[in-house]
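Fold and contact review
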Amino acid sequence: MSTSDGTDETLNSARTGRPAAAPSETAANSWSSKKDKDAPRGGGSGPSMPSLGLRGTLLFLWRQLTSMQTALILLMLLAIAAVPGSLYPQRSVNPALTQQFLDENGRWGEILDKLGFFGVFSSPWFSAIYLLLFISLIGCIIPRVGVHLRQLRAKPPRTPSRLTRFTGYTRIELPGAEADAVLETAHRSLRRSQYRTVVREEQRSRSVSAERGLLRESGNLVFHIALVGVLICVAGGQLTSYRGQITVVEGQGFSNSLTQYDSFDSGAWFDPTSLPPFRFTLDDFRAEYVLEGADESRVGQPLSFEADVDVTTPGEKNEKRTLQVNKPLHVDGTSMYLLGNGYAPEVTVTDPEGTVVAEGPVVTVPSGDTGYTSQLVIKAPDARPEQTAVVGFFLPTGVIDEQGPHSIYPDLADPQLAMSVFHGDLGLDSGIPQNAYEVDVSSLDPVTNSDGEQVLIRLAPGEVYELEDGTTISFDGVLRYAAFDLAHDPFERWVLVSALAAATGLIVSLFVPRRRLWVRVSGGSADDRTDGTVVLEVAGLARSDDPALEEDVKTLAKKLSTAQDGTGRPGPAPTTGPTDDTPEGSAL
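Figured I'd write up the structure that's included with this text. (Residues numbered from 1 in each chain as written. Predicted model: local features only at pLDDT ≥ 70, side-chain atom pairs only at ≥ 80, totals over all residues. Heavy atoms only, no water.)

Points about the overall build of the protein
The condition is simple: Secondary structure elements are taken from DSSP: a helix is a run of H or I of four residues or more, a strand is a run of E of two residues or more, and numbering for both begins at the N terminus. Buried, partly exposed and exposed residues are distinguished by accessible area as a fraction of the type maximum, computed with a 1.4 Å probe on protein chains only: under 20%, between the cut-offs, and over 50%, respectively. Note on definitions: a residue-residue contact is assigned when non-hydrogen atoms from the two residues lie within 4.5 Å. For accessible areas, the Shrake-Rupley method is used with a probe of radius 1.4 Å. Any residue's cover is judged against the shown protein chains and nothing else.
A tally of helices and strands in the protein yields 11 helices and 25 strands. Across the 588 residues of the protein, 38% fall into the buried class. Contacts in the protein between residues far apart in sequence, at least 24 positions, make up 65% of those at least 6 positions apart. When the accessible surface of the protein is totalled, it reaches about 34100 Å², and 55% of it is carbon and sulfur.

Some details on the pairing of strand E16 (residues 398–401)
Selection criterion: By this definition, two strands are paired if DSSP reports at least two bridges between them.
Judged from the four bridges that link them, E16 and strand E17 (residues 404–407) form a sheet pairing that is antiparallel. Bridge pairing in E17 places Ile 400 opposite Pro 405. Counted between consecutive antiparallel strands, the loop separating E16 from E17 contains two residues.

Digging into the side chain of Glu 537
Put simply, the test is: Positive charge is attributed to Lys and Arg, negative charge to Asp and Glu, and no charge count is given to His or to the chain ends. Here a salt bridge means any side-chain nitrogen of Lys or Arg lying within 4 Å of a carboxyl oxygen belonging to Asp or Glu. Under the rule applied, a polar contact is a pair of N or O atoms within 3.5 Å (in protein, one hydrogen donor and one hydrogen acceptor; residues adjacent in sequence only if both atoms are side-chain atoms).
The topology assignment puts Glu 537 in strand E24 (residues 533–542). Of the side chains with opposite charge, Arg 520 comes closest to the buried, unpaired Glu 537, at an N-O distance of 4.3 Å. A distance of 2.6 Å separates the side chain of Glu 537 from the side chain of Tyr 169, its partner in a polar contact. Leaving out residues up to four positions away in the same chain, Glu 537 has contacts with Leu 163, Tyr 169, Thr 170, Arg 171, Trp 518, Val 519 and Arg 520.

Some words on the nonpolar core
We apply this condition: Buried Ala, Val, Leu, Ile, Met, Phe, Trp, Tyr and Cys residues form a nonpolar core when they are joined through side-chain atoms within 4.5 Å.
Core analysis: the largest hydrophobic core is formed by 49 residues, its most contacted members being Phe 280, Ile 473 and Phe 484. Among all residues touching Phe 280, those that are not within four sequence positions of it are Ile 246, Val 248, Gly 253, Phe 254, Val 309, Asp 310, Val 311, Met 336 and Phe 484. Formed by 22 residues, the second largest nonpolar core is a distinct cluster that contains Leu 517, Val 534, Leu 536 and Val 538.

Quick word on the sheet that holds strand E8 (residues 302–312)
For clarity, the cut-off: To define axes, lines are fitted to C-alpha atoms, for helices over the stretch in contact only, and angles between the resulting N-to-C directions are given on a 0 to 180 degree scale.
Spatially, the four strands line up as an open sheet ordered E5-E7-E8-E9, and their pairing is antiparallel. Bordering the open sheet on either side are strand E5 (253–255) and strand E9 (319–324), each of which pairs with just one other strand. Recorded for the sheet is a direction-independent mean angle of 30 degrees between the axes of neighbouring strands.

Some words on the packing of helix H4 (residues 68–81) against helix H7 (residues 124–153)
Note the cut-off: Oblique is the label for every angle not falling under 35 degrees (roughly parallel), over 145 degrees (roughly antiparallel), or within 65 to 115 degrees (roughly perpendicular). We call a crossing left-handed when the near helix sits turned anticlockwise from the far one by less than a right angle, and right-handed when that turn is clockwise. Polarity classes work like this: nonpolar for Ala, Val, Leu, Ile, Met, Phe, Trp, Tyr, Cys and Pro, charged for Asp, Glu, Lys and Arg, and polar for all others, with Gly in that last group.
Put simply, H4 and H7 touch, their axes get as near as 9 Å, and they point 155 degrees apart. When the axis of H4 is compared with that of H7, the two are roughly antiparallel. Where H4 crosses over H7, the two elements pack in a sense that is left-handed. Seen from H4, the contacting residues are Met 68, Thr 70, Ala 71, Leu 74, Leu 75, Leu 77, Leu 78 and Ala 81; seen from H7, they are Trp 125, Phe 126, Ile 129, Tyr 130, Leu 132, Leu 133, Ser 136, Leu 137, Cys 140 and Arg 144. Grouping the constituent residues of the contact of H4 with H7 by class yields 15 nonpolar, two polar and one charged.

Side note on the packing of aromatic side chains
Which entries qualify depends on this criterion: Put simply, two rings from Phe, Tyr or Trp (the six-membered ring, in Trp's case) pair if the centres are within 6.5 Å, and we call them stacked under 30 degrees between planes, edge-to-face over 60, tilted for the rest. Lysine and arginine charges are scored as sitting over a ring when NZ or CZ, respectively, is within 6 Å of the ring centre and within 35 degrees of the ring normal.
Following the criterion strictly, the structure yields 22 aromatic pairs and no others. Relative to Phe 117, the ring of Tyr 88 lies with its centre 5.8 Å away and its plane at 80 degrees, an arrangement referred to as edge-to-face. Of the two residues, Tyr 88 is situated in the loop between helix H5 (84–87) and helix H6 (95–114) and Phe 117 in the loop between H6 and H7; the sequence distance between them amounts to 29 residues. Connected via pairs of aromatic rings, a cluster forms that spans Phe 285, Tyr 289, Phe 305, Tyr 343, Tyr 372, Phe 394, Tyr 409 and Phe 475. The ring of Tyr 343 carries the charged tip of Arg 480 above its face, separated from the ring centre by 4.1 Å.

Observations concerning the side chain of Ser 123
Tracing the backbone shows Ser 123 in the loop between H6 and H7. A residue is classified by how much of its surface remains accessible, and Ser 123, at 3% relative accessible area, is buried. At 2.6 Å, the side chain of Ser 123 and the backbone oxygen of Val 120 are in polar contact.

The following block contains the structure:
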């Protein structure tokens, strides 16, 4: 008989003349009487680890990628990756602002540009997260769909042999009751409560297995499938959609072609020839503001903006429509939104030779105050003998005081122009694109009077001002303009459908409990009990958070015992055993 310390090995070594094995080697070899064919041939003392191989490694990586934990991490990373898109100007949305940021930030701006922070949603790293999330969700959903379909076709699981370990276990003895009647009552009651049921014959009893709440998993799958749908539709919309901005003055029109847009952005798969051929005319623009006499803090606040348009589409009659904020116009799949508004004063500029070098309504840019003080820029590159620029403000209700020219009310109560005139090279022939609403006056010479002071011009509608060199500026009237945003996204409605489906699925998966109930009936004339007593056992198992399950089990047991009493009075007092939310696999 060998001892644990290897004494027999020492005695055998003394007889054979071979050295005894170390105690650790003896202990290690005592685990198996067979020789390990995969043991290392070297003198290594540690256990050898099996190699995954290429197939095993790829399978491991795939399982990690398609796990729910990875999908949640990728979803969080996608949200974090989108943050720079709201912090930094995006080149596809506002190229001028992006270039300004680069010019102001030097080396730091170049680093951010190389990292793709000015084109976040088309950057490789954002696309990689997006694609990995897409693959992860699909790889997670497909196996679960197969499992769920098999669960829907399968019968409820068999009744465990020991119900005492489950939630709400209740045991009731019913003297003189009929076992078949009790079982049939339980079966009908569970079916009326929307349970999937099956009656099973056991060795010395009969039981009803019931299951409810598979809709919870269905909702969970709908949520994830709809989330994939949202990703697909958003990606498809980014590739095939377009968006453009236009500014239209009252009485003028717009034709839906690329040359008519002030700015235009489209997806990589967008076909410019697919623009719907419609046009419209801005007949009138109306704005209402809070008048004096109301709460002084609210004077000048806008009440409504309305734009009357006359829309023409090929083969159809003209249609007059009114656009309001958040009430867009839909034409041939294109949505037209009222984006902004302002004033377009009609100004005529003549050079010293008497040639009209600028004429018509000039779109002004509101500076952001409640009075609609707006910046005015007129460029006259054809003026002679020098190019001319007129820079100033349009004031709907003008006041010039120590604060400078500004408007105190947004409506046309006292419209005025406050301007200065500059001569010089406007730089329009350099080939570099310029903002039509800005001019760099640092390289221009201001027009001065005989005293050498800069000329400041103030005009009301109908007035004309003549400079000493013969240049004239006339204020002819005021029109309104409206800014529109035109957008087309063929996947827009499907994004909405997918989002609503995802919300519905999430609600169902959160609020529909999944549970199993078992009712076992034994005894009576079919058993070897001589007193004819029927033993009723009821228990349940929650597959999710279900605090009402225990009470429902006891209520069902009480209902069955009362139904078999025949008098409408409660039956014998139930016996409640220990409860244990044991996992399904340990009992089935």
